[in-house]
Amino acid sequence: MDYVSYSKKYLMDTYGQFPVVFTHGKGCKLYDTCEKEYLDLTSGIGVSSLGYGNDDWVNAVTEQVKNLAHTSNIFLNIPSLTAAKKLTELSCMSKVFFCNSGAEANEGAIKLARKYSYLKYGSGRSTIITLNKSFHGRTITTLKATGQEKFHKYFDPFTEGFKYTDVTIASLEETIDDTVCAIMMEAIQGEGGVNPLPKEFVDKVFEISKKKDILVIFDEVQCGMGRTGKMFGYNNFNVEPDIVSTAKGLAGGLPIGAVLCNKKLEDTFVPGDHGSTFGGNLVSTAAAGCVLDVLGKDGFLDSVAEKGKFIKEFFKNAATKNVVEVRGIGLMVGIQLTSNKASEVQKKALENGLLVLTAGANVIRLLPPLVITKEELNKGLTNLVKIIELI
Ligand SMILES: Cc1ncc(COP(=O)(O)O)c(C=O)c1O
């Protein structure tokens, strides 16, 4: 079957897609319709954190599907209660709201922050500051929250009430005014180029926010759930946010999102304020429960951190001439090239059976499954370095 023609005929053309169709996977390997094997350094953009066909995950999901897949949020369900308990225990947060995606989690986070501020200070204090180069999602509101001008075209009118700061203390101080209720940021900007925030900047955000009762929201959709070798990206900065949004890797391959809040905000939402038909779905939250068990295992997150160091060390030793810098934390890595040839590298890698991502024109982004072995990394990186050398 000609899948490319099918896609052109039946799917809206929203993604620049490769003409490769995967049919199955095991561990960190994916196989296409011709049984060609690929080593995956992408986890389906940070989602399949336990790789493919993980026995515990498959069991948790299939058992749940067999028993019950969906009820609705007018009833309690055990997998979502279990996942919520685990999620709060593994973070510094107090309560959880489940939804279906990263954008939806950010929408929930924004609503929560605005309601908290409204109840305490009344209207007119609803501005959310986000960071230039950030990415927060594709809905009308989260596009506007995204600090990249190119996303603010075509879809007017956008949701009002967003201001943007550079990642500098001067710009932050200039942007904050009395209308601000929250600052939202990624601990490591993913789509924006794999940019970990400077510690001084994060500290300043918290210092100002504490003084002015401004809420700090961390968008952990990409850098959370063990990706950096800590439970959340913000754990690398020793801070405790008010609100956290998470998604992608939380359920290891099924749609999910979550908004977490601290004690201060735990009673802000009341019945009727927010909801989502599929939020807290039994199957997705059963999958999340399994992922959270793995992340909570002794030594698991340390092993992620160690593999991150291994990648940095590998590039140091390879001394690749076409690489400017290798940055990131844990298994969220950006390889900045000397030229705008990230897409070319990605395409060549695919031909060579290696899956990598890009983040802008000159950055190769790696988000391998968290369970990848050093042997697999060694093989993939050796392949990647050869490609980068030849561009
Ligand atoms: C930091 C961040 N926030 C939000 C989103 C949006 O998530 P979703 O595509 O699940 O809506 C993404 C997606 O890449 C992301 O990286």
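Keep in mind the model is a prediction, meaning the values are calculated, not measured.

1. Side note on the UniProt feature "binding site: pyridoxal 5'-phosphate" (unreviewed entry) in the chain
According to UniProt, the feature "binding site: pyridoxal 5'-phosphate" (unreviewed entry) maps to G102, A103, F135, D219, E220, V221, Q222 and T277 in the numbering used here. Spatial dispersion of the annotated residues is evident: they stretch over 176 residues in sequence, and the largest pairwise C-alpha distance comes to 25.2 Å. Set against the largest cavity, the annotated residues that line it come down to T277. With a relative accessible area of 13%, G102 lands in the buried category.

2. Thoughts on the UniProt feature "binding site: N(2)-acetyl-L-ornithine" (unreviewed entry) in the chain
With numbering matched to this structure, UniProt assigns "binding site: N(2)-acetyl-L-ornithine" (unreviewed entry) to R138 and S276. Lining the second largest pocket, from the residues named above, are S276. Relative to the helices and strands, R138 is located in the loop between β5 (127-131) and α6 (140-145). Looking at R138, the relative accessible area reads 60%, which means it is exposed.

3. A word on the domain arrangement of the chain
Note on interface size: it is often stated as the accessible area lost on association of the parts. When cut into domains, the chain gives domain 1 (3-54 + 299-390) and domain 2 (68-295). When each unit is reduced to the centre of its C-alpha atoms, the spacing between domain 1 and domain 2 is 26 Å. Taken together, the contact between domain 1 and domain 2 spans 26 residues of the former and 26 residues of the latter. Here domain 1 packs against domain 2, burying approximately 2,100 Å² in sum over the two surfaces, 64% of which is carbon and sulfur. Its largest share of buried area at the contact with domain 2, domain 1 owes to L301, I329 and M332, together 31% of the area lost on that side. At the junction of domain 1 with domain 2, the criterion picks out one salt bridge. Between R365 and E191 there is a salt bridge; the shortest N-O distance is 2.9 Å. At the junction of domain 1 with domain 2, the criterion picks out ten residue pairs in polar contact (both at pLDDT 80 or more). Counting only elements with at least two residues in the side of domain 1 that touches domain 2, the list comes to α2 (43-46), α10 (300-318), β13 (323-329), β14 (332-337) and β17 (363-366). Top element by residues in the side of domain 1 that touches domain 2 is α10. It accounts for four residues.

Conventions adopted
- Residues numbered from 1 in each chain as written.
- Predicted model: local features only at pLDDT ≥ 70, side-chain atom pairs only at ≥ 80, totals over all residues.
- Heavy atoms only, no water.
- UniProt positions renumbered as here; feature names shortened; annotations may be inferred.
- 1 Å grid on protein atoms, 1.4 Å probe; cavity = no way out; pocket = protein on both sides within 12 Å on 5 of 7 lines; lining within 4 Å.
- Buried < 20%, exposed > 50% of the residue type's maximum accessible area, 1.4 Å probe, protein only.
- Helix = DSSP H or I, 4+ residues; strand = E, 2+ residues; numbered from the N terminus.
- Domains from an automatic or database assignment.
- Contact = heavy atoms within 4.5 Å.
- Buried area = accessible area lost by both parts, 1.4 Å probe.
- Salt bridge = Lys/Arg side-chain N within 4 Å of Asp/Glu carboxyl O.
- Polar contact = N/O pair within 3.5 Å; in protein donor to acceptor, adjacent residues only side chain to side chain.

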